[in-house]
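A structural walkthrough
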Amino acid sequence: MSSRTVLVSGHADVRAVLDDPRFTVPPVHDAAPASPSSPPAQSERGLAWLRSRAVRFSNGDEHLRRRAAALDLLAGLAPPGLRAEAAERARALLPVRPGPAERPEAVSDAVVFAPVAVPPVHDAAPASPPPSRPRPGLAWLRSTAVRFSNGDRHLRRRSVVLDLLAGLAPLELRADAAERARALLSARPGSTERPEAVSDAVVFAPVAVLGTRLGIAAHDLPTAVDAVRTIADVYLGGADNDRLPPADAAVRLLSGLLGTDSDEERTAQRIVLLVQSCAATAALLRSALALVEANRPSWTRTPPVADLVAETLRFDPPARRIRRVASVDATVTGESIPAGTEVLLDLAAANRDPAVFTDPDRFLPGRTDAHHLAFGHGIRPCPGSDHATALACGVLDTALTA
Ligand code: HEM
């Protein structure tokens, strides 16, 4: 890719790029390999580092994430295999019976600690995944997700997503989201619960609603929502390296909880629906609640929830910028750019383009002017826009009347 990036912020220009098949979705990258100071170099990893990262001493969300990683490692260690290897190792140790020079306790020590030696943890997973069927993890998810695909693959995967979404009626999602928010809000913080924990649960209620509809059992929902959040945090790239293994474990956990389809691409798109909905819908809800709070004093009555959601999407879009890359030499805003140039599309700026929106910097629910670009546009707009809107409306139906 060329090192140059072009920023596009006009409403019409952003739409033109999103309509143009010459601009494709660029590959996603994580942070460069860690510098020697972060995370700690091998030599700096001591007991404190181990304790601070161990599942044994973790609580809350961190505990769930680390436990999922531990369960994932253990899933690769079949108990019958361990038994056979432990027997074999003990057999190898026992014939070296103490001669006069050897203390008996040294041998029995070796035997009682034999289980720790079998098998080395790195044998749990194949060193490199079989080429035809990569082990589910973040890299697998990204390489199979509609979001990072182009051309025919994108079309095929997008049709799987549309098929899955067709089974999720927005009106029902809205009712489910209102109901779940009600249940969460009625469990309002007593003396023992932090208020932000409750509001976190409320803004992530849409993930729980979608998870239920996609087949996750009720008792697995908190773990599933946590796993989705872990993946969503790193999904779009640029994450620190130490956040990647938990995301790998979370992808494996979710593929287990969702049950695998015979078609692996379909399994991936089911995870994708949860991940794509997670951060954006939560951000939309947080913004909407804050904007209502800020504007209430100037309103004689609270505007209809659907208008609040639509204007929040315009005024403060959850996905502020999206990227494309020119696959061939092209033209953007009248300027010629070579193939490989990255194009940054500023949806937030386009949503306040004065050529399109009157009074663009005012939060005015109920606007009738042209459509915002919060859900993208053109060849690959958000296929879950109606679902996202319904889920957000459902949560607000409850939250604004509670
Ligand atoms: C407020 C919430 C949401 C916002 C603001 C949002 C926004 C977007 C945007 C801007 C894109 C286009 C990215 C691009 O062109 O590069 C996109 C893609 C996508 N969104 Fe959403 N989204 C939201 C919620 C959801 C939900 C609830 C779902 C699923 C239930 C979903 C599923 C998807 C998928 C699968 C794609 C990839 C489509 C493709 O590449 O063809 N989104 N979203």
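In this text, all values refer to a predicted model and were calculated from it rather than measured experimentally. (Residues numbered from 1 in each chain as written. Predicted model: local features only at pLDDT ≥ 70, side-chain atom pairs only at ≥ 80, totals over all residues. Heavy atoms only, no water.)

Every one of the 24 residues lining the ligand counts as a neighbour, but His154, Arg158, Arg324, Arg380 and Cys382 are closest to it. One nitrogen or oxygen atom from the side chain of Arg147 is found 3.3 Å from an oxygen atom belonging to the ligand. Here an oxygen atom of the ligand and a side-chain polar atom of Arg158 are 2.7 Å apart. With 7 residues, the top contributor of residues to the shell around the ligand is helix H14 (residues 264-295). Residues that form the shell around the ligand fall into these classes: 14 nonpolar, 6 polar and 4 charged. (Near = heavy atom within 4 Å. Polar contact = N/O pair within 3.5 Å; in protein donor to acceptor, adjacent residues only side chain to side chain. Helix = DSSP H or I, 4+ residues; strand = E, 2+ residues; numbered from the N terminus. Nonpolar A, V, L, I, M, F, W, Y, C, P; charged D, E, K, R; others polar.)

Scanning the model with the defined rule gives 3 aromatic pairs in all. Both rings, one in Trp299 and one in Phe363, keep their centres 6.4 Å apart while their planes meet at 35 degrees; by these two values the pair is tilted. Note that Trp299 is positioned in the loop between H14 and helix H15 (305-315) and Phe363 in the loop between helix H16 (347-350) and helix H17 (385-399), a separation of 64 residues in sequence. Overall, Phe363 belongs to the buried group, its relative accessible area being 8%. Through pairs of rings, three or more aromatic residues link up here, namely Trp299, Phe315 and Phe363. (Phe/Tyr/Trp six-rings, centres within 6.5 Å; stacked < 30°, edge-to-face > 60°. Buried < 20%, exposed > 50% of the residue type's maximum accessible area, 1.4 Å probe, protein only.)

Right, let's get into the coordination of the iron atom of the ligand. Protein coordination of the iron atom of the ligand is limited to a single donor, Cys382 (SG), which sits 2.4 Å from the metal. Of note, Cys382 is situated in the loop between H16 and H17. (Donors = N, O, S within 2.8 Å, 3.2 Å for Na, K, Ca; no water.)

Formed by 70 residues in total, the largest nonpolar core has its most connected members in Leu141, Ile231, Tyr235, Leu254, Ile271, Leu274 and Val309. It is H14 that contributes the most residues to this core, 13 residues altogether. Sequence-distant contacts of Ile271, defined by excluding residues within four places in its chain, comprise Trp140, Leu141, Ile231, Val251, Leu254, Ser255 and Leu258. (Core = buried A, V, L, I, M, F, W, Y, C linked by side-chain atoms within 4.5 Å. Contact = heavy atoms within 4.5 Å.)

This part is about the packing of helix H9 (residues 170-186) against H17. Contact geometry for H9 and H17: axes closest at 7 Å, N-to-C directions at 35 degrees. The handedness of the crossing between H9 and H17 comes out as right-handed. Along its contact with H9, which presents Pro170, Leu173, Arg174, Ala177, Ala178, Ala181, Arg182 and Leu185, the element H17 presents Asp386, His387, Ala390, Leu391, Cys393, Gly394, Val395, Asp397, Thr398 and Ala399. (Axes fitted to C-alpha atoms, helices over the stretch in contact; angles between N-to-C directions. Left-handed = near helix turned anticlockwise from the far one by under 90°.)

Once that is clear, we can look at the environment of Ala288. Along the chain, Ala288 falls in helix H14. Take Ala288: its relative accessible area is 2%, and that puts it in the buried class. Along the primary structure Ala288 and Phe315 are separated by 27 residues, whereas in three dimensions their C-alpha atoms are 9.8 Å apart. Those residues in contact with Ala288, other than ones at most four positions away along the chain, are Thr312 and Leu396.

Turning our attention to the packing of helix H11 (residues 205-213) against H14. Two numbers describe how H11 lies on H14: the axes approach to 8 Å, and their chain directions differ by 150 degrees. In terms of orientation, H11 and H14 fall into the roughly antiparallel class. Between H11 and H14 lies a crossing of right-handed hand. Counting all contacts with H11, which are made through Pro206, Val207, Leu210 and Gly211, the residues of H14 involved are Leu273, Leu274, Ser277, Cys278, Thr281 and Leu285. Residues that form the contact of H11 with H14 fall into these classes: 7 nonpolar, 3 polar and no charged. (Parallel < 35°, antiparallel > 145°, perpendicular 65-115°, else oblique.)

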